[in-house]
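Geometric and topological summary
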Amino acid sequence: MVAGYWILKPMLAIRTGPAFGCIVPFACRAVFPVVSSAAMATPKIALLAGASGLVGSLLLDELLATSEYSRVYALSRRPLHREHPRLANRVVRFEQLAAELKGLAADDAFCCLGTTIAKAGSQTEFRRVDVDLVLAFARVAHAAKVTRFVVVTSVGADAAAKNFYLRTKGEL
């Protein structure tokens, strides 16, 4: 029995159904059901990359608030300093993600990795984080046998865009 749906549109995510009302500003391309815990045979495992950022931290709150997941692996570069019985914060080197997460199994993966050109310092470093590390996480998620992968991009993301930021986001 499906209890509701996450409807993710550019710049807005709205949870509908019995517990609707959560609005989180971000850009994402996906629609997936939120299944009630009573309807699930076994609780699922979520894998979240980018849990320390704005979008990732809000998503982490939502993942921990639902009973859909028995475990949430939150991947980050530094400790999150957060406690929850279902949270497993894995401090990782994203450049070596495949080796660090070898053998990990999950049902759903959420990628909130990203930076700004100002923080990255160059277009090359920006692309490394926003494209290369996202694709590396996607490969790890695939190896972990996830059945649902959600990635945060940007409104206006287009591989043919003239703007570097939008073009890079669109290359995913």
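Above this text sits the structure in question.
What you see is a predicted model; the values in this text were computed from it and never measured.

Okay, the nonpolar core next. Grouped together as the largest cluster of nonpolar side chains are 23 residues, with contacts concentrated most on Leu-47, Leu-75, Phe-94, Leu-97, Leu-101, Leu-113 and Phe-137. Among the elements that line this core, the one with the most residues is helix 4 (residues 123–143), at six residues. The residues touching Leu-47, leaving out its near neighbours within four places in the chain, are Tyr-73, Leu-75, Leu-104, Ala-106, Asp-108, Ala-109, Phe-110 and Phe-137.

Our next topic: the packing of aromatic side chains. Overall, the coordinates contain four aromatic pairs when judged by the stated rule. A ring pair is formed by Tyr-69 and Phe-110, whose centres lie 6.4 Å apart and whose planes are at 85 degrees; its orientation type is edge-to-face. With a gap of 41 residues between them, Tyr-69 in strand 6 (residues 69–76) and Phe-110 in strand 8 (residues 108–111) connect regions that are remote in the sequence. There is no split in this pair, since Tyr-69 and Phe-110 are both buried. On the numbers, 5.8 Å between centres and 40 degrees between planes, the contact of Phe-137 with Phe-149 is tilted. On the criterion of sequence distance, the pair formed by Phe-137 in helix 4 and Phe-149 in strand 9 (residues 148–151) is long-range, its members being twelve residues apart. Three or more aromatic residues joined by ring pairs make a cluster, and in this case those are Phe-126, Phe-164 and Tyr-165.

Definitions and limits used
Every residue gets a number counted from 1 within its own chain, in the order that chain's sequence is written. With the structure being a predicted model, the display of local features is reserved for residues of pLDDT at least 70 and the display and counting of side-chain atom pairs for 80 or more, all residues being used for whole-chain, interface and lining totals. Just so you know, side-chain values use all the structure's heavy atoms and leave hydrogens and water out. To define a nonpolar core, start from buried Ala, Val, Leu, Ile, Met, Phe, Trp, Tyr and Cys residues and group those joined through side-chain atoms within 4.5 Å. Burial classes follow relative accessibility: with a 1.4 Å probe on protein chains only, a residue under 20% of its type's maximum area counts as buried, one over 50% as exposed, and anything between as partly exposed. Counting from the N terminus, the helices are DSSP H or I runs at least four residues long and the strands are E runs at least two residues long. By definition in these notes, contact holds between two residues if any of their heavy atoms fall within 4.5 Å. Aromatic rings from Phe, Tyr and Trp, with only the six-membered ring used for Trp, were paired whenever their centres fell within 6.5 Å, and each pair was classed as stacked if the ring planes differed by under 30 degrees, edge-to-face if by over 60, and tilted otherwise.

So, to be careful, I would describe these as geometric facts and stop short of saying anything about function.
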